[in-house]
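A closer look at the structure
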Amino acid sequence: MDRQNLTLLTDLYELTMMQGYFKHKERNETVIFDAFYRNNPCDGGYAIAAGLEQLIKYIKELHFSKEDIDYLSSLGIFDADFLDYLANFRFSGDIYAIPEGTVIFPREPLVKVIAPIMEAQLVETAILNIINHQSLIATKAARVCYAAKGDGIMEFGLRRAQGPDAGIYGARAAMIGGCIGTSNVLCGQLFDVPVKGTHAHSWIMSFPDEYTAFKAYADMYPSACILLVDTYDTLKSGVPNAIRVFREMRAAGIPLTFYGIRLDSGDLAYLSKKARRMLDDAGFTDAVISASNDLDEYLIESLKAQGAAITSWGVGTNLITAKDNPAFGGVYKLAAVMDDNGDFIPKIKLSENSEKVTNPGNKTIYRIYEKETGKVKADLICLVGEHFSEEEPLLLFDPLEPWKKTKLPAGSFTLRELLVPVFKGGECCYESPKVMDIRAYCLKEQDTLWDETKRFVNPHQIYVDLSRKLYDTKIELLDRMSEK
């Protein structure tokens, strides 16, 4: 928080490897690293890309200060000539990325770094830290908002977040995922997003009685009067006192523009339906019923199925921490090395676990949409320079079970390349949109998903296919490695 220069936000082995490449300068080739993830969070059907703005800021400010150099020197493992090199270090490579708010799927590059291996190695940890965290929270927020079926979701998990940075950037990511506001005032200031909130139980308890507390709050905030009704007895005290205050406001000619109650405990389905009837009988049919209390997408979905009369939801702990799936699992793997002729030689990582075998080469991604519906049909990872036409048939096949094939007729689909240039030659060539614009884009992105992909139980998985050329390259490398 108090440190803008995040250059040392890295694992020590990135720096020890850097020194190794520095000492063996012939090994400092230009390389390609891909950042990607292997499995969707929460066993879902998709994820949401987030964190690119902070990645850009990190790269722009990447430099070793005198204090950084002095600290590294004190470790006793770095030579003076290497430290002199670090004192003048700047990132000089290229970075491509999928824009924030984009729906993403496993195994496709979210960030592609093309740079001398010393530079590409240094930025690994910070890139993963930034992209993993915000993509996780944006994905969780998208799931929570989907469960609410159009009701507003407010993020208010700051006090339960794992520290200030997680609270600030988690709230930012939650806004991208679809939340309508956050309780985090600093996030609101930094990213120009709506901040929202009501009052705590302590407000009620600090007054002689509940009615007096409600009346004082309504006098101060008549245009945003949401009263917390469960401090003492929701149905016998809280809701009746709220109705009394609303009647007095109406009688005084105060416009009831945004008003209602909040439930924070008890059986939310039962209490909300009872409260709704009481408010309606009193003539306050447009009063909001907001709810909180350890909510997540599963509980919201259940409450909706039970007919809960809740139209606004406050979600804290389970959203800001992604409690049921606290890590995104993104990785950063070498994909290619440039030879003396300037050509990229594909590289592959092997594993006995087939999903950990990487996709080699200099790659890009095309998203394939069904033309009739606008829904995502598949993603196609291919080598840079491959050409595909919407006016020609397109054959897709499952790279793990290549006998499974789908042939898309010409004119039945549209194509969109996902990776965009962010840095070229160390200079930023991309301007991040405002968070609320990213949020609007993200909502449109989610509309391109099938409902079957968005469901929480056994969602339909969108295929991420390889082009024939990339697949053949991968098989050739695997065959070559197996012969050694």
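Look a little higher up for the structure.
Below, the structure is looked at part by part. Because the structure is predicted, anything quoted here is derived from the model rather than measured. (Residues numbered from 1 in each chain as written. Predicted model: local features only at pLDDT ≥ 70, side-chain atom pairs only at ≥ 80, totals over all residues. Heavy atoms only, no water.)

1. Description of the overall build of the protein chain
Test applied: In this description a helix means any DSSP run of H or I spanning at least four residues, a strand means any run of E spanning at least two, and both kinds are numbered starting from the N terminus. Relative accessibility decides the category of a residue: with a 1.4 Å probe and only protein chains considered, values under 20% of the type maximum give buried, values over 50% give exposed, and everything between is partly exposed. Should any heavy atoms of two residues lie within 4.5 Å, those residues are considered in contact. A 1.4 Å probe and the Shrake-Rupley method give the accessible areas. Residues count as covered only by the protein chains that appear here. When charges are counted, neither His nor the chain ends are considered; positive counts come from Lys and Arg and negative counts from Asp and Glu. The atom standing in for a charge is NZ when the residue is Lys, CZ when it is Arg, CG when it is Asp and CD when it is Glu.
A count of helical and extended segments in the protein chain gives 17 helices and 21 strands. Here the C-alpha coordinates of the protein chain stretch approximately 85 × 60 × 35 Å along the principal axes. Within the protein chain, buried positions represent 54% of all 484 residues. Within the protein chain, contacts between residues separated by at least 24 positions form 73% of all contacts whose residues are at least 6 apart in sequence. Of the accessible surface of the protein chain, which amounts to about 21,900 Å², a share of 52% is contributed by carbon and sulfur atoms. Side chains of the protein chain give 54 positive and 67 negative charges; the mean places of these two sets differ by 4 Å.

2. Concerning a nonpolar patch on the surface
Going by this rule: Patch building starts from residues that exceed 30% relative accessible area and form no salt bridge, then joins like charges within 9 Å and nonpolar side chains (Val, Leu, Ile, Met, Phe, Trp, Tyr) within 5 Å. One speaks of a salt bridge when a side-chain nitrogen belonging to Lys or Arg is within 4 Å of a carboxyl oxygen belonging to Asp or Glu.
A surface patch of nonpolar side chains, amounting to about 350 Å² of accessible area, comprises L12, Y71, L75 and I77. Secondary-structure assignment places L12 in helix 1 (residues 12–23). When its relative accessible area of 44% is taken as the criterion, L12 is described as partly exposed.

3. Some remarks on the pairing of strand 6 (residues 152–155)
What counts here: Here a strand pair is declared whenever DSSP counts at least two bridges between the two strands. Throughout, right-handed denotes a crossover for which the path from the first strand over the helix to the second runs clockwise when the strands point away from the viewer.
Every second residue of strand 6 is oriented toward a common face, with G152 and M154 on one face and I153 and E155 on the other, all of them buried. Note that strand 6 and strand 11 (residues 312–315) share four bridges and pair parallel. Along strand 11, the bridge assignment pairs I153 with W313. Each parallel crossover has a hand, and for strand 6 linked through helix 7 (residues 164–177) to strand 7 (residues 181–182) it is right-handed.

4. Description of the packing of helix 6 (residues 124–148) against helix 7
Rules: Whenever a helix is involved, its axis is fitted only over the stretch in contact; in every case the axis is a line through C-alpha atoms, and angles between N-to-C directions fall within 0 to 180 degrees. Reported orientations rely on four angle classes, namely roughly parallel under 35 degrees, roughly antiparallel over 145, roughly perpendicular from 65 to 115, and oblique for the rest. Definitions for this section: a left-handed crossing has its near helix turned counterclockwise from the far helix by less than a right angle. A right-handed crossing has that turn clockwise. Only Asp, Glu, Lys and Arg are considered charged, only Ala, Val, Leu, Ile, Met, Phe, Trp, Tyr, Cys and Pro nonpolar, and every remaining residue, Gly among them, polar.
Two numbers describe how helix 6 lies on helix 7: the axes approach to 7 Å, and their chain directions differ by 45°. When the interaxial angle is binned, helix 6 and helix 7 end up oblique. For the crossing formed where helix 6 meets helix 7, the hand is right-handed. Residues H133, Q134, I137, A138, A141, A142 and C145 of helix 6 touch helix 7, and the partners they reach there are A166, Y169, G170, R172, A173, A174 and G177. The residue makeup of the contact of helix 6 with helix 7, split by class, is nine nonpolar, four polar and one charged.

5. Description of the packing of helix 10 (residues 210–220) against helix 11 (residues 234–251)
As a packed pair, helix 10 and helix 11 sit with axes 9 Å apart at the nearest point and diverge in direction by 40°. In terms of orientation, helix 10 and helix 11 fall into the oblique class. Handedness of the crossing formed by helix 10 with helix 11: right-handed. Across the interface between the two elements, E210, Y211, F214, K215 and A218 of helix 10 pack against S237, G238, N241, A242, R244, V245, E248 and M249 of helix 11. Classifying every residue of the contact of helix 10 with helix 11 by side-chain character gives six nonpolar, three polar and four charged.

6. Considerations on the nonpolar core
Definition in use: In this description, a nonpolar core means a group of buried Ala, Val, Leu, Ile, Met, Phe, Trp, Tyr and Cys residues linked to one another through side-chain atoms lying within 4.5 Å.
Counting residues in each nonpolar core, the largest one holds 137 residues, and the members touching the most others are V111 and F246. Sort the elements by how many residues they give to this core and helix 6 lands first, with 15 residues. Setting aside its immediate chain neighbours within four residues, F246 contacts C225, L227, L256, Y259, G260, I261, L279 and F284. Counting ten residues, the second largest nonpolar core, distinct from the first, contains I368, C382, L394 and L396.

7. Focus on the packing of aromatic side chains
Quick reminder of the rule: Aromatic pairing here means that ring centres of Phe, Tyr or Trp (its six-membered ring) are within 6.5 Å. Orientation follows from the plane angle: under 30 degrees is stacked, over 60 is edge-to-face, and everything else is tilted. The rule for a charge over a ring is simple: NZ of Lys or CZ of Arg within 6 Å of the ring centre, and within 35 degrees of the ring normal.
As enumerated under the stated definition, the model contains 20 aromatic pairs in all. Here the aromatic rings of F82 and Y85 are separated by 6.3 Å at their centres, their planes lie at 25°, and the arrangement is stacked. Of this pair, F82 and Y85 are both found in helix 4 (residues 80–87), three residues apart, which corresponds to roughly one turn of the helix. When the centroid spacing of 6.1 Å and the interplanar angle of 80° are considered together, the rings of Y85 and F89 count as edge-to-face. In this structure an aromatic cluster arises from ring pairing among F22, F64, F78, F82, Y85 and F89. We note K149 situated over the ring of Y146; from NZ or CZ to the ring centre the distance is 3.7 Å. Above the face of the F191 ring, R172 is positioned so that its terminal group lies 5.4 Å from the ring centre.

8. Focus on the sheet that holds strand 8 (residues 225–228)
If you walk across this open sheet you meet the six strands as 7-6-11-10-9-8, and the pairing is parallel. Only two strands of the sheet have a single neighbouring strand rather than two, namely strand 7 and strand 8. Pairing analysis gives two bridges linking strand 6 to strand 7, with the strands arranged parallel. In the sheet register, M154 faces strand 7, and the bridge partner there is G181.

9. Some words on unusual backbone geometry
With phi around 45°, A322 is a residue other than glycine that occupies positive phi space. Positionally, A322 belongs in the loop between helix 14 (317–320) and strand 12 (331–338). Although it is not a glycine, N458 sits at a positive phi angle of roughly 50°. Take N458: it is sitting in the loop between helix 16 (451–454) and strand 21 (463–466).

10. Section: helix 10
Condition: Arc definition: it is the arc formed by the directions from the helix axis to the C-beta atoms. Polar contact criterion, stated in full: a pair of N or O atoms within 3.5 Å, where within protein one must be able to donate a hydrogen and the other to accept it, and residues adjacent in sequence count only if both atoms are side-chain atoms.
Of the residues making up helix 10, those classed as buried are E210, Y211, A213, F214, Y217 and A218. Each buried residue of helix 10 sits inside an arc of 160° when the element is viewed along its axis, so together they form one side. Tucked into the core, helix 10 has its buried residues touching helix 9 (201–205), strand 8 and helix 11. If you check the start of helix 10, you find a side-chain oxygen 3.2 Å away from the backbone N of Y211, and it comes from D209.

11. Overview of the environment of T414
Structurally, T414 is set in strand 18 (residues 413–417). Among the residues examined, T414 registers a relative accessible area of 24% and is labelled partly exposed. Note: C-alpha distance between T414 and Y366 (48 residues apart in sequence) is 9.6 Å.

12. Some thoughts on the pairing of strand 12
Across six bridges, strand 1 (residues 30–36) lies against strand 12 in antiparallel orientation. Paired with D34 across the strands is K333, a residue of strand 12. Bridge count between strand 12 and strand 13 (residues 344–346): three bridges; the pairing is antiparallel. In the strand pairing of strand 13, V337 is matched with I345. Following strand 12, the chain reverses through five residues before pairing antiparallel with strand 13; G342 in that reversal takes a positive phi of roughly 85°.

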